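For reference, the chains in residue letters:
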Amino acid sequence: MVAPGREPSRLETKVKVEGLDFWYGTVQALFAVTMDIPARQVTALIGPSGCGKSTFLRTLNRMNDIIDGTRLEGKIFIDREDIYRNGVDVVALRKKVGMVFQKSNPFPKSIFDNVAYGPRIHGVRGQGELTEIVERSLVRAALWDEVKDRLEINALELSGGQQQRLCIARALAVDPEILLMDEPASALDPRSTARIEDLIGELRREYTIIIVTHNMQQAARVSNLTAFFYEGRLVEFGPTKRMFTVPREKQTEDYITGRFG
């Protein structure tokens, strides 16, 4: 097998993963995952349900820390800093590494307060500065034109697609460098899904994006690089175009062509 993760090394590495093993209690979910994820690219994580994609994604901002009984071995570096070393400020890490979940989860607050929530937590108090951050974030999330005249309405009144873009705006409001997306369009209709995919295409210019998706067509459309996971192992990682046309591993080919999974 070609050593996974090494092919894109000519690009600037943002996230470096070395020999990552992960357990839920006594059940091992990830096995010796090694990969270099480049900066300002979209990396798609694909594979059948239960293969470790979302678990891997959550290791990148230590969201798994909140689950009792989990254990991790190996190294994860972001900008050459070991994010699991003793003394790491996890709050600062999650500011740098934002996350958008499968199900949109706006707070039962106004649109404005949803986006301003993170900056306020991090000490921004001035109304003028908050207003500027909210507008900039909503513009980046391609939502501003739809909500600029009703920022005080409850965010739960928005459509599902708008709520998901609001959650993206909320993540962007704290100026992350990396954006993790766990099936961000799986619960949306085709039109809303297309808006999210277009948005990912715009955001890749400024952010490193890592997206979990079960949708092969979506992975092919939005990503520069694709990583195929199977039973907790990284089988293959490389440029999306090559992965979908001439994969190096038979397992990858079988999954992409629908022979299993």
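Scroll up to find the structure this text is about.
Residues numbered from 1 in each chain as written. Predicted model: local features only at pLDDT ≥ 70, side-chain atom pairs only at ≥ 80, totals over all residues. Heavy atoms only, no water.

Let us look at the packing of helix α3 (residues 111-121) against helix α6 (residues 160-172). Where α3 contacts α6, the axes come no closer than 7 Å and their chain directions differ by 35°. Mapping the contact onto sequence places Ile111, Asn114 and Val115 in α3 and Leu166, Ala169 and Arg170 in α6. The residue makeup of the contact of α3 with α6, split by class, is 4 nonpolar, 1 polar and 1 charged. (Axes fitted to C-alpha atoms, helices over the stretch in contact; angles between N-to-C directions. Helix = DSSP H or I, 4+ residues; strand = E, 2+ residues; numbered from the N terminus. Contact = heavy atoms within 4.5 Å. Nonpolar A, V, L, I, M, F, W, Y, C, P; charged D, E, K, R; others polar.)

Here the focus is the packing of α6 against helix α7 (residues 190-203). The N-to-C vectors of α6 and α7 enclose an angle of 20°; their axes lie 9 Å apart at closest approach. When the axis of α6 is compared with that of α7, the two are roughly parallel. Crossing of α6 against α7: the hand is right-handed. Contacts between α6 and α7 involve Gly161, Gln164, Arg165, Ile168 and Leu172 from the former and Ser192, Arg195, Ile196, Leu199 and Leu203 from the latter. When the residues that make up the contact of α6 with α7 are grouped by side-chain class, the tally is 5 nonpolar, 3 polar and 2 charged. (Parallel < 35°, antiparallel > 145°, perpendicular 65-115°, else oblique. Left-handed = near helix turned anticlockwise from the far one by under 90°.)

This next bit is on α7. Given a rise of 1.5 Å per residue, 14 residues ought to cover 20 Å, and the 20 Å separating the end C-alpha atoms of α7 matches this to within 8%. Where α7 is concerned, the buried positions are Ser192, Thr193, Ile196, Glu197, Leu199, Ile200 and Leu203. One side of α7 carries all its buried residues, which in axial view fall inside an arc of 160°. Exposed and oriented more than 90 degrees from the buried face of α7 are Pro190, Arg191 and Asp198. The elements touched by buried residues of α7 are β3 (42-46), α4 (127-140), α6, β7 (178-182), β8 (208-212) and α8 (216-222). Capping of α7 at its N-terminal end is provided by Asp189; its side-chain oxygen lies 3.0 Å from the backbone amide nitrogen of Arg191. (Expected span 1.5 Å × (residues − 1). Buried < 20%, exposed > 50% of the residue type's maximum accessible area, 1.4 Å probe, protein only. Arc of directions from axis to C-beta. Polar contact = N/O pair within 3.5 Å; in protein donor to acceptor, adjacent residues only side chain to side chain.)

The strand order β2-β1-β4-β5 describes an open sheet built from 4 strands, whose pairing is antiparallel. The outermost strands of the open sheet, each flanked by one partner alone, are β2 (27-38) and β5 (81-82). Relative to β2, strand β1 (residues 13-24) is paired through 8 bridges, and the arrangement is antiparallel. Directly across from Thr13, in β2, lies its bridge partner Pro38. (Pairing = 2+ DSSP bridges.)

If a probe the size of a water molecule is rolled over the atoms, the empty space left behind becomes visible. Roughly 580 Å³ of volume is contained in the largest pocket. As for the largest pocket, its lining consists of 20 residues, and the residues nearest its centre are Arg94, Met99, Tyr117, Arg170 and Val174. By residue number, the principal contributor to the lining of the largest pocket is strand β6 (residues 97-100), which donates 4 residues. Looking at the lining of the largest pocket, its residues break down into 12 nonpolar, 5 polar and 3 charged. (1 Å grid on protein atoms, 1.4 Å probe; cavity = no way out; pocket = protein on both sides within 12 Å on 5 of 7 lines; lining within 4 Å. Points joined across faces, edges and corners; volume = space filled by probe spheres on them.)

What follows is about the nonpolar core. By size, the foremost hydrophobic cluster in this structure holds 45 residues, and its most contacted members are Leu138 and Ile168. Among the elements that line this core, the one with the most residues is α6, at 5 residues. Once residues within four sequence positions are removed from consideration, Ile168 is found in contact with Val100, Ala141, Met181, Ile196, Leu199 and Leu203. (Core = buried A, V, L, I, M, F, W, Y, C linked by side-chain atoms within 4.5 Å.)

One open sheet accounts for 6 strands, arranged β6-β7-β8-β3-β9-β10; its pairing is mixed. Strands at the two margins of the open sheet, each flanked by one partner only, are β6 and β10 (233-239). In this sheet, adjacent strand axes meet at a mean angle of 15° when their direction is disregarded. Here β3 pairs with strand β9 (residues 225-230) via 4 bridges, running parallel.

Okay, the packing of aromatic side chains next. Per the stated rule, a full pass over the model turns up 4 aromatic pairs. Each ring, one from Phe56 and one from Phe229, has its centre 5.4 Å from the other, and the planes form 40°; the classification is tilted. One end of the pair, Phe56, is in helix α1 (residues 53-59); the other, Phe229, is in strand β9, with 173 residues separating them in the sequence. Classification of Phe56 by relative accessible area gives buried; the value is 0%. (Phe/Tyr/Trp six-rings, centres within 6.5 Å; stacked < 30°, edge-to-face > 60°.)

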